[in-house]
Amino acid sequence: MLANVAQIIRQFKRTWTFELDDEAIRAAFREAGHRWRERDLGPVTTVKMFLLQILFGNVACNFVPHLAGIDVTGSAYCDARARLPLAALQALLTRCTQQMAKAVAGTGRWLGHRLLMIDGSGFSMPDTPELGAYFGHSGNQQRGCGFPTARWLALMHFGSGLIEKVIAMPLNSHDLSRVSQLHPDMERGDVLLGDRAYGSFAHFALLVSRGLHGIFRAHQHLRIDFTPQRPHLSNRGSRNPQRRPRSRWLQSLGTLDQLVEWQRPSSPPPWLCPTTWAMLPRKLLVRELSYTVARPGFRARTVTLVTTLLDPVRYPKEKLAEAYGLRWTIETAFDHLKTTMKMDVLHCQTVAGVLKELTMFLVVYNLVRMTVLEAAHRQGVKADRISFADALRWLATAGPSDPLPILVVNPRRPHRLEPRCIKRRPKKFRWLQTPRQELRQLLISQ
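Residues numbered from 1 in each chain as written. Predicted model: local features only at pLDDT ≥ 70, side-chain atom pairs only at ≥ 80, totals over all residues. Heavy atoms only, no water.

## A look at the pattern of salt bridges
(1) Moving on: Within the structure shown, the criterion is met by 15 salt bridges.
(2) Moving on: The partner of Asp22 in a salt bridge is Lys48, with the nearest N and O atoms 2.6 Å apart. Residue Asp22 is located in helix α2 (residues 22-31), and its partner Lys48 is located in helix α3 (residues 43-55); the two are separated by 26 residues in the primary sequence.
(3) Moving on: Looking at Lys48, the relative accessible area reads 13%, which means it is buried.
(4) Moving on: In this structure, the salt-bridge partner of Lys165 is Asp185, at a minimum N-O distance of 3.2 Å. Taken together, the residues Lys165 in strand β3 (residues 163-170) and Asp185 in the loop between β3 and β4 (191-194) connect sequence positions 20 residues apart.
(5) Moving on: Since its relative accessible area comes to 33%, Asp185 is described here as partly exposed.
(6) Moving on: When salt bridges that share partners are traced, they join Arg114, Glu164, Glu187 and Asp190 into one network. (Salt bridge = Lys/Arg side-chain N within 4 Å of Asp/Glu carboxyl O. Helix = DSSP H or I, 4+ residues; strand = E, 2+ residues; numbered from the N terminus. Buried < 20%, exposed > 50% of the residue type's maximum accessible area, 1.4 Å probe, protein only.)

Written out as C-alpha coordinates, the structure is:
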(Lines give C-alpha, C1' and ligand atoms only; values in the text may rest on other atoms or scores of the structure.)
Protein backbone atom coordinates (compact mmCIF):
# COMPACT_ATOMS: atom_id res chain seq x y z
CA MET A 1 0.00 0.00 0.00
CA LEU A 2 3.00 2.26 0.46
CA ALA A 3 3.44 3.15 -3.23
CA ASN A 4 -0.26 3.80 -3.79
CA VAL A 5 -0.34 7.60 -3.78
CA ALA A 6 2.27 8.19 -6.49
CA GLN A 7 0.92 5.35 -8.65
CA ILE A 8 -2.70 6.41 -8.26
CA ILE A 9 -2.18 10.00 -9.32
CA ARG A 10 0.12 9.04 -12.19
CA GLN A 11 -2.90 7.71 -14.08
CA PHE A 12 -4.07 11.32 -14.57
CA LYS A 13 -1.13 11.72 -16.99
CA ARG A 14 -0.40 15.31 -16.00
CA THR A 15 2.96 17.00 -15.56
CA TRP A 16 2.46 17.53 -11.83
CA THR A 17 1.89 13.80 -11.15
CA PHE A 18 5.63 13.07 -11.37
CA GLU A 19 6.51 15.40 -8.48
CA LEU A 20 5.90 12.65 -5.91
CA ASP A 21 7.95 9.95 -7.64
CA ASP A 22 10.86 8.48 -5.70
CA GLU A 23 13.47 10.42 -7.68
CA ALA A 24 11.55 13.69 -7.30
CA ILE A 25 11.47 13.21 -3.52
CA ARG A 26 15.20 12.46 -3.44
CA ALA A 27 15.89 15.55 -5.57
CA ALA A 28 13.98 17.75 -3.12
CA PHE A 29 16.05 16.43 -0.22
CA ARG A 30 19.32 16.83 -2.13
CA GLU A 31 18.44 20.43 -2.99
CA ALA A 32 17.84 21.10 0.71
CA GLY A 33 21.34 19.85 1.50
CA HIS A 34 20.16 16.73 3.31
CA ARG A 35 22.49 13.72 3.45
CA TRP A 36 21.27 10.26 4.35
CA ARG A 37 22.12 6.61 4.09
CA GLU A 38 19.73 4.07 2.67
CA ARG A 39 17.82 2.25 5.38
CA ASP A 40 14.37 0.78 5.97
CA LEU A 41 13.04 4.23 6.87
CA GLY A 42 14.86 6.44 4.42
CA PRO A 43 13.48 9.80 3.22
CA VAL A 44 11.37 8.33 0.39
CA THR A 45 9.72 5.69 2.56
CA THR A 46 9.19 8.10 5.45
CA VAL A 47 7.62 10.77 3.23
CA LYS A 48 5.21 8.23 1.74
CA MET A 49 4.26 7.02 5.21
CA PHE A 50 3.76 10.66 6.23
CA LEU A 51 1.39 11.12 3.27
CA LEU A 52 -0.59 8.04 4.30
CA GLN A 53 -0.81 9.29 7.87
CA ILE A 54 -2.32 12.60 6.74
CA LEU A 55 -4.64 10.93 4.21
CA PHE A 56 -6.17 8.83 6.97
CA GLY A 57 -6.83 11.81 9.23
CA ASN A 58 -3.43 12.33 10.89
CA VAL A 59 -3.69 9.03 12.78
CA ALA A 60 -1.29 8.01 15.54
CA CYS A 61 2.27 7.10 14.56
CA ASN A 62 1.82 3.58 15.96
CA PHE A 63 -0.89 2.93 13.35
CA VAL A 64 1.08 4.16 10.33
CA PRO A 65 3.33 1.05 9.91
CA HIS A 66 0.18 -1.08 9.68
CA LEU A 67 -1.21 1.23 6.98
CA ALA A 68 2.05 1.07 5.05
CA GLY A 69 2.55 -2.67 5.53
CA ILE A 70 6.09 -2.20 6.87
CA ASP A 71 7.44 -4.16 9.81
CA VAL A 72 8.70 -1.27 11.93
CA THR A 73 7.56 0.19 15.22
CA GLY A 74 5.64 3.42 15.59
CA SER A 75 8.50 4.97 17.56
CA ALA A 76 10.95 4.11 14.77
CA TYR A 77 8.71 5.84 12.25
CA CYS A 78 8.34 8.84 14.58
CA ASP A 79 12.15 9.11 14.87
CA ALA A 80 12.51 8.84 11.09
CA ARG A 81 9.93 11.59 10.60
CA ALA A 82 11.83 13.80 13.04
CA ARG A 83 14.98 13.34 10.92
CA LEU A 84 13.28 14.79 7.84
CA PRO A 85 14.47 18.38 7.36
CA LEU A 86 11.70 20.95 7.23
CA ALA A 87 13.36 22.71 4.28
CA ALA A 88 13.16 19.54 2.17
CA LEU A 89 9.46 19.06 2.86
CA GLN A 90 8.78 22.70 2.07
CA ALA A 91 10.75 22.34 -1.17
CA LEU A 92 8.64 19.30 -2.05
CA LEU A 93 5.49 21.29 -1.38
CA THR A 94 6.72 24.22 -3.46
CA ARG A 95 7.62 22.05 -6.44
CA CYS A 96 4.32 20.16 -6.34
CA THR A 97 2.29 23.36 -5.99
CA GLN A 98 4.13 25.14 -8.79
CA GLN A 99 3.51 22.29 -11.22
CA MET A 100 -0.13 22.06 -10.17
CA ALA A 101 -0.57 25.82 -10.58
CA LYS A 102 0.85 25.65 -14.11
CA ALA A 103 -1.60 22.90 -14.99
CA VAL A 104 -4.59 25.00 -13.90
CA ALA A 105 -3.28 28.44 -14.87
CA GLY A 106 -6.22 29.17 -17.18
CA THR A 107 -8.90 27.81 -14.86
CA GLY A 108 -11.51 30.13 -13.36
CA ARG A 109 -10.35 33.48 -14.76
CA TRP A 110 -12.28 36.54 -13.58
CA LEU A 111 -12.53 39.24 -16.28
CA GLY A 112 -9.21 38.01 -17.67
CA HIS A 113 -7.39 38.01 -14.31
CA ARG A 114 -6.25 35.27 -11.99
CA LEU A 115 -8.29 35.64 -8.80
CA LEU A 116 -6.44 34.86 -5.58
CA MET A 117 -7.89 34.89 -2.09
CA ILE A 118 -6.16 35.65 1.16
CA ASP A 119 -7.31 34.98 4.70
CA GLY A 120 -6.06 33.88 8.08
CA SER A 121 -7.04 31.02 10.32
CA GLY A 122 -5.60 29.03 13.21
CA PHE A 123 -4.96 25.57 14.60
CA SER A 124 -4.28 24.13 18.03
CA MET A 125 -1.53 21.81 19.27
CA PRO A 126 -0.30 20.06 22.44
CA ASP A 127 0.43 22.15 25.50
CA THR A 128 4.22 22.00 25.68
CA PRO A 129 6.56 24.77 26.90
CA GLU A 130 8.28 25.05 23.49
CA LEU A 131 5.04 25.43 21.53
CA GLY A 132 3.53 27.77 24.11
CA ALA A 133 6.58 30.03 24.06
CA TYR A 134 6.70 30.18 20.26
CA PHE A 135 3.04 30.34 19.21
CA GLY A 136 1.41 31.68 22.38
CA HIS A 137 -1.96 31.17 24.04
CA SER A 138 -5.27 32.94 23.68
CA GLY A 139 -5.60 36.01 25.87
CA ASN A 140 -8.95 34.72 27.17
CA GLN A 141 -7.27 31.75 28.86
CA GLN A 142 -5.93 31.78 32.39
CA ARG A 143 -2.24 31.15 32.87
CA GLY A 144 -1.49 27.43 32.69
CA CYS A 145 -4.79 26.58 31.02
CA GLY A 146 -5.69 25.85 27.43
CA PHE A 147 -3.58 24.94 24.44
CA PRO A 148 -1.11 26.88 22.29
CA THR A 149 -2.65 28.22 19.10
CA ALA A 150 -0.94 29.19 15.86
CA ARG A 151 -2.02 31.78 13.32
CA TRP A 152 -1.55 30.98 9.65
CA LEU A 153 -2.05 33.05 6.53
CA ALA A 154 -3.11 31.31 3.31
CA LEU A 155 -3.06 32.33 -0.35
CA MET A 156 -5.60 30.36 -2.43
CA HIS A 157 -6.24 30.28 -6.18
CA PHE A 158 -9.97 30.61 -6.74
CA GLY A 159 -10.23 28.76 -10.05
CA SER A 160 -8.65 25.55 -8.78
CA GLY A 161 -8.93 25.81 -5.00
CA LEU A 162 -5.19 25.19 -4.64
CA ILE A 163 -3.52 26.74 -1.62
CA GLU A 164 -0.38 28.19 -3.20
CA LYS A 165 1.37 29.32 -0.04
CA VAL A 166 0.89 29.37 3.73
CA ILE A 167 2.76 31.29 6.41
CA ALA A 168 2.56 30.11 10.03
CA MET A 169 3.12 32.64 12.79
CA PRO A 170 2.43 33.25 16.50
CA LEU A 171 -1.17 33.72 17.54
CA ASN A 172 -0.93 37.44 18.32
CA SER A 173 0.55 38.32 14.91
CA HIS A 174 -1.51 40.49 12.57
CA ASP A 175 -2.07 39.17 9.05
CA LEU A 176 -0.59 42.32 7.51
CA SER A 177 2.73 41.70 9.25
CA ARG A 178 3.41 38.78 6.88
CA VAL A 179 1.26 39.61 3.88
CA SER A 180 4.14 41.06 1.87
CA GLN A 181 5.78 37.61 1.90
CA LEU A 182 2.92 36.35 -0.29
CA HIS A 183 3.25 39.02 -2.98
CA PRO A 184 6.28 37.44 -4.74
CA ASP A 185 4.17 34.32 -5.37
CA MET A 186 1.68 36.34 -7.41
CA GLU A 187 1.92 37.28 -11.09
CA ARG A 188 1.59 40.75 -12.52
CA GLY A 189 -2.10 41.51 -13.14
CA ASP A 190 -3.41 39.13 -10.45
CA VAL A 191 -6.34 40.27 -8.32
CA LEU A 192 -6.15 39.68 -4.57
CA LEU A 193 -9.43 39.30 -2.70
CA GLY A 194 -9.74 39.63 1.08
CA ASP A 195 -11.71 40.99 4.01
CA ARG A 196 -11.44 44.38 5.69
CA ALA A 197 -8.16 43.55 7.42
CA TYR A 198 -6.19 44.02 4.18
CA GLY A 199 -7.65 47.28 2.83
CA SER A 200 -5.03 49.68 4.22
CA PHE A 201 -3.07 52.35 2.35
CA ALA A 202 0.24 50.54 2.87
CA HIS A 203 -1.03 47.21 1.57
CA PHE A 204 -2.64 48.81 -1.49
CA ALA A 205 0.59 50.68 -2.23
CA LEU A 206 2.63 47.49 -1.99
CA LEU A 207 0.25 45.75 -4.40
CA VAL A 208 0.35 48.59 -6.91
CA SER A 209 4.16 48.66 -6.83
CA ARG A 210 4.16 45.04 -8.05
CA GLY A 211 1.46 45.53 -10.68
CA LEU A 212 -1.14 43.69 -8.61
CA HIS A 213 -4.75 44.61 -7.82
CA GLY A 214 -6.83 44.28 -4.71
CA ILE A 215 -10.51 44.02 -3.80
CA PHE A 216 -11.12 44.33 -0.07
CA ARG A 217 -13.97 45.24 2.18
CA ALA A 218 -13.61 48.74 3.61
CA HIS A 219 -12.24 48.87 7.15
CA GLN A 220 -14.80 49.76 9.80
CA HIS A 221 -12.79 52.87 10.80
CA LEU A 222 -12.57 54.21 7.25
CA ARG A 223 -14.82 57.24 6.67
CA ILE A 224 -16.57 56.98 3.30
CA ASP A 225 -18.98 59.57 1.93
CA PHE A 226 -20.42 59.31 -1.59
CA THR A 227 -21.56 62.95 -1.72
CA PRO A 228 -20.09 64.63 -4.85
CA GLN A 229 -17.64 67.47 -4.21
CA ARG A 230 -17.72 66.75 -0.49
CA PRO A 231 -15.13 68.33 1.82
CA HIS A 232 -12.33 66.21 3.22
CA LEU A 233 -9.74 66.46 5.96
CA SER A 234 -6.48 67.35 4.24
CA ASN A 235 -4.16 67.25 7.26
CA ARG A 236 -3.52 63.63 8.21
CA GLY A 237 -2.29 64.44 11.69
CA SER A 238 -5.17 66.70 12.77
CA ARG A 239 -8.24 65.66 14.70
CA ASN A 240 -11.53 65.01 12.96
CA PRO A 241 -14.41 66.24 15.15
CA GLN A 242 -16.77 66.53 12.16
CA ARG A 243 -15.93 62.95 11.11
CA ARG A 244 -15.06 63.95 7.56
CA PRO A 245 -13.46 61.50 5.14
CA ARG A 246 -9.72 61.86 4.77
CA SER A 247 -9.84 60.90 1.09
CA ARG A 248 -10.23 63.56 -1.61
CA TRP A 249 -13.24 63.11 -3.90
CA LEU A 250 -12.32 63.02 -7.60
CA GLN A 251 -15.11 61.56 -9.73
CA SER A 252 -18.45 59.83 -9.46
CA LEU A 253 -18.51 56.52 -11.35
CA GLY A 254 -22.16 55.70 -10.68
CA THR A 255 -24.58 55.25 -7.83
CA LEU A 256 -22.57 54.73 -4.63
CA ASP A 257 -19.46 54.35 -6.75
CA GLN A 258 -16.65 56.91 -6.75
CA LEU A 259 -13.00 57.54 -7.47
CA VAL A 260 -11.04 59.09 -4.60
CA GLU A 261 -7.47 59.95 -3.71
CA TRP A 262 -5.98 58.49 -0.56
CA GLN A 263 -3.13 60.28 1.16
CA ARG A 264 -0.29 58.45 2.85
CA PRO A 265 -0.72 58.55 6.64
CA SER A 266 1.75 60.54 8.69
CA SER A 267 3.30 57.49 10.37
CA PRO A 268 3.99 53.95 9.13
CA PRO A 269 2.03 50.97 10.45
CA PRO A 270 3.80 48.79 13.03
CA TRP A 271 4.23 45.92 10.57
CA LEU A 272 6.08 47.93 7.90
CA CYS A 273 9.69 49.10 8.19
CA PRO A 274 10.26 52.88 7.89
CA THR A 275 12.53 52.44 4.85
CA THR A 276 9.83 50.68 2.83
CA TRP A 277 7.27 53.17 4.10
CA ALA A 278 9.33 56.12 2.82
CA MET A 279 9.44 54.56 -0.66
CA LEU A 280 5.65 54.33 -0.95
CA PRO A 281 3.83 57.03 -2.95
CA ARG A 282 2.26 59.93 -1.10
CA LYS A 283 -1.04 59.60 -2.95
CA LEU A 284 -3.01 56.65 -4.26
CA LEU A 285 -6.05 56.43 -6.53
CA VAL A 286 -8.67 54.10 -5.06
CA ARG A 287 -12.21 53.22 -6.04
CA GLU A 288 -14.88 53.06 -3.34
CA LEU A 289 -18.27 51.46 -3.91
CA SER A 290 -21.19 50.23 -1.87
CA TYR A 291 -24.04 47.80 -2.53
CA THR A 292 -26.82 46.07 -0.60
CA VAL A 293 -27.23 42.34 -0.12
CA ALA A 294 -30.82 41.28 0.45
CA ARG A 295 -31.89 37.70 1.16
CA PRO A 296 -35.40 36.50 1.98
CA GLY A 297 -35.77 36.06 5.73
CA PHE A 298 -32.64 38.08 6.57
CA ARG A 299 -32.07 41.75 7.14
CA ALA A 300 -30.45 43.64 4.28
CA ARG A 301 -26.72 44.24 4.65
CA THR A 302 -24.67 47.02 3.14
CA VAL A 303 -21.21 46.08 1.90
CA THR A 304 -18.59 48.71 1.05
CA LEU A 305 -15.56 47.75 -1.03
CA VAL A 306 -12.28 49.47 -1.85
CA THR A 307 -10.31 48.44 -4.92
CA THR A 308 -7.57 49.49 -7.31
CA LEU A 309 -9.63 48.38 -10.33
CA LEU A 310 -10.63 51.89 -11.39
CA ASP A 311 -12.26 51.38 -14.82
CA PRO A 312 -16.07 51.23 -14.33
CA VAL A 313 -16.59 49.90 -17.88
CA ARG A 314 -14.19 46.96 -17.69
CA TYR A 315 -14.92 46.32 -14.03
CA PRO A 316 -18.62 47.07 -13.41
CA LYS A 317 -19.85 47.46 -9.89
CA GLU A 318 -21.95 44.30 -10.19
CA LYS A 319 -18.90 42.24 -11.16
CA LEU A 320 -16.91 43.55 -8.20
CA ALA A 321 -19.77 42.66 -5.87
CA GLU A 322 -19.94 39.23 -7.46
CA ALA A 323 -16.20 38.75 -6.96
CA TYR A 324 -16.38 39.64 -3.29
CA GLY A 325 -19.21 37.15 -2.89
CA LEU A 326 -16.76 34.43 -3.94
CA ARG A 327 -14.54 35.16 -0.94
CA TRP A 328 -16.35 32.58 1.15
CA THR A 329 -14.77 29.75 -0.88
CA ILE A 330 -11.56 30.12 1.11
CA GLU A 331 -13.56 29.50 4.28
CA THR A 332 -14.79 26.28 2.66
CA ALA A 333 -11.16 25.33 1.97
CA PHE A 334 -10.33 25.93 5.64
CA ASP A 335 -13.26 23.72 6.60
CA HIS A 336 -11.95 20.94 4.35
CA LEU A 337 -8.53 21.19 5.99
CA LYS A 338 -9.56 21.58 9.60
CA THR A 339 -12.70 19.44 9.76
CA THR A 340 -12.61 16.89 6.92
CA MET A 341 -8.85 16.33 7.11
CA LYS A 342 -8.68 16.96 10.89
CA MET A 343 -6.03 19.67 10.83
CA ASP A 344 -7.70 21.66 13.59
CA VAL A 345 -5.40 20.02 16.16
CA LEU A 346 -1.85 18.99 15.26
CA HIS A 347 0.01 16.36 17.26
CA CYS A 348 3.73 17.17 17.26
CA GLN A 349 5.29 18.61 20.39
CA THR A 350 8.03 20.71 18.78
CA VAL A 351 7.88 23.78 16.54
CA ALA A 352 9.69 22.00 13.69
CA GLY A 353 7.36 19.02 13.98
CA VAL A 354 4.26 21.22 13.85
CA LEU A 355 5.55 23.01 10.74
CA LYS A 356 6.27 19.65 9.10
CA GLU A 357 2.74 18.49 9.81
CA LEU A 358 1.34 21.69 8.35
CA THR A 359 3.48 21.27 5.21
CA MET A 360 2.33 17.71 4.61
CA PHE A 361 -1.29 18.68 5.18
CA LEU A 362 -0.97 21.21 2.38
CA VAL A 363 0.63 18.63 0.06
CA VAL A 364 -2.25 16.22 0.65
CA TYR A 365 -4.88 18.97 0.40
CA ASN A 366 -3.57 20.07 -3.00
CA LEU A 367 -3.46 16.43 -4.15
CA VAL A 368 -7.12 16.04 -3.23
CA ARG A 369 -7.97 19.32 -4.99
CA MET A 370 -6.31 18.09 -8.17
CA THR A 371 -8.27 14.84 -7.85
CA VAL A 372 -11.46 16.91 -7.54
CA LEU A 373 -10.56 18.89 -10.68
CA GLU A 374 -9.83 15.68 -12.60
CA ALA A 375 -13.16 14.18 -11.52
CA ALA A 376 -15.01 17.38 -12.44
CA HIS A 377 -13.43 17.31 -15.91
CA ARG A 378 -14.39 13.68 -16.47
CA GLN A 379 -17.91 13.98 -15.06
CA GLY A 380 -18.70 17.26 -16.80
CA VAL A 381 -19.63 19.26 -13.68
CA LYS A 382 -18.12 22.23 -11.88
CA ALA A 383 -15.35 21.48 -9.41
CA ASP A 384 -17.25 22.96 -6.47
CA ARG A 385 -19.92 20.28 -6.94
CA ILE A 386 -17.52 17.35 -6.47
CA SER A 387 -17.38 16.03 -2.90
CA PHE A 388 -14.00 16.81 -1.31
CA ALA A 389 -14.56 14.12 1.32
CA ASP A 390 -15.26 11.48 -1.33
CA ALA A 391 -12.11 12.41 -3.25
CA LEU A 392 -10.09 12.19 -0.02
CA ARG A 393 -11.49 8.74 0.80
CA TRP A 394 -10.74 7.42 -2.69
CA LEU A 395 -7.20 8.76 -2.65
CA ALA A 396 -6.61 7.12 0.74
CA THR A 397 -8.05 3.68 -0.05
CA ALA A 398 -7.64 3.13 -3.82
CA GLY A 399 -5.26 0.56 -5.22
CA PRO A 400 -2.42 1.43 -7.60
CA SER A 401 -4.38 0.25 -10.65
CA ASP A 402 -7.82 1.47 -9.58
CA PRO A 403 -9.18 4.06 -12.04
CA LEU A 404 -10.77 7.25 -10.81
CA PRO A 405 -14.44 6.38 -10.15
CA ILE A 406 -17.52 8.56 -10.40
CA LEU A 407 -17.25 10.72 -7.30
CA VAL A 408 -20.20 12.06 -5.35
CA VAL A 409 -21.71 15.26 -6.77
CA ASN A 410 -23.07 17.53 -4.07
CA PRO A 411 -26.47 19.19 -4.65
CA ARG A 412 -26.63 22.94 -5.03
CA ARG A 413 -27.26 24.64 -1.68
CA PRO A 414 -26.65 28.34 -2.32
CA HIS A 415 -28.22 29.63 0.92
CA ARG A 416 -26.98 26.99 3.32
CA LEU A 417 -25.49 28.40 6.52
CA GLU A 418 -22.28 26.85 7.84
CA PRO A 419 -20.66 27.43 11.25
CA ARG A 420 -17.55 29.64 11.20
CA CYS A 421 -15.66 27.38 13.59
CA ILE A 422 -15.96 24.29 15.76
CA LYS A 423 -14.88 24.64 19.38
CA ARG A 424 -12.24 22.17 20.59
CA ARG A 425 -13.95 22.13 23.98
CA PRO A 426 -17.62 22.87 23.28
CA LYS A 427 -19.75 24.23 26.06
CA LYS A 428 -21.92 21.79 27.96
CA PHE A 429 -25.64 21.63 27.42
CA ARG A 430 -27.66 24.03 29.53
CA TRP A 431 -29.41 21.24 31.45
CA LEU A 432 -26.04 19.90 32.61
CA GLN A 433 -25.24 23.28 34.17
CA THR A 434 -28.67 23.75 35.74
CA PRO A 435 -28.97 23.24 39.50
CA ARG A 436 -31.08 20.31 40.62
CA GLN A 437 -33.96 22.43 41.87
CA GLU A 438 -34.13 24.51 38.71
CA LEU A 439 -34.03 21.35 36.63
CA ARG A 440 -36.91 19.88 38.64
CA GLN A 441 -39.00 23.00 38.07
CA LEU A 442 -38.15 22.91 34.39
CA LEU A 443 -39.36 19.30 34.13
CA ILE A 444 -42.55 20.06 36.06
CA SER A 445 -43.36 23.04 33.82
CA GLN A 446 -43.05 20.82 30.75
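Having seen the structure, we can now continue with the description.
## A look at unusual backbone geometry
(1) Moving on: Of note, Leu111 is a non-glycine position whose phi angle comes to about 50°, a positive value.
(2) Moving on: Along the chain, Leu111 turns up in the loop between α6 (86-103) and β1 (115-124).
(3) Moving on: Judged by relative accessible area, Leu111 falls into the partly exposed class, the value being 31%.
(4) Moving on: The backbone of Gln229 sits at a positive phi, close to 60°, despite the residue not being glycine.
(5) Moving on: You can see Gln229 is positioned in the loop between β5 (213-217) and β6 (248-254).

## Considerations on helix α12 (residues 351-379)
(1) Moving on: Helix length check: α12 (29 residues) gives 42 Å between terminal C-alpha atoms against 42 Å at 1.5 Å per residue, within 8%.
(2) Moving on: Of all the 29 residues making up α12, 26 are buried; the element is thus mostly covered by neighbouring parts of the structure.
(3) Moving on: Just downstream of α12, Gly380 is the residue with a positive phi angle, here 70°. (Expected span 1.5 Å × (residues − 1).)

## Focus on the pairing of β1
(1) Moving on: With ten of ten residues buried, β1 is to be regarded as a mostly interior element.
(2) Moving on: Residues of β1 alternate between two faces, with Leu115, Met117, Asp119, Ser121 and Phe123 on one and Leu116, Ile118, Gly120, Gly122 and Ser124 on the opposite face, all of them buried.
(3) Moving on: The sheet contact formed by β1 and β4 spans three bridges and is parallel. Counterpart to Leu115 in the pairing with β4 is Val191.
(4) Moving on: Bridge count for β1 against strand β2 (residues 149-157) is nine bridges, and the pairing is antiparallel. Across the sheet, the residue bridging to Ser121 is Trp152, located in β2. (Pairing = 2+ DSSP bridges.)

## Topic: the packing of aromatic side chains
(1) Moving on: Under the defined criterion, the tally for this structure stands at nine aromatic pairs.
(2) Moving on: With centroids separated by 6.4 Å and ring planes inclined at 65°, the aromatic side chains of Phe201 and Trp277 adopt a geometry described as edge-to-face. Of the two residues, Phe201 is situated in helix α8 (residues 201-209) and Trp277 in helix α9 (residues 274-279); the sequence distance between them amounts to 76 residues. In this pair, the class of Phe201 matches that of Trp277, namely buried.
(3) Moving on: Chaining the aromatic ring pairs together yields one cluster made of Tyr198, Phe204, Phe216 and Trp262.
(4) Moving on: In this arrangement the basic side chain of Arg81 is found over the ring face of Phe50, its NZ or CZ atom lying 4.5 Å from the centre. (Phe/Tyr/Trp six-rings, centres within 6.5 Å; stacked < 30°, edge-to-face > 60°. Lys NZ or Arg CZ within 6 Å of the ring centre and 35° of its normal.)

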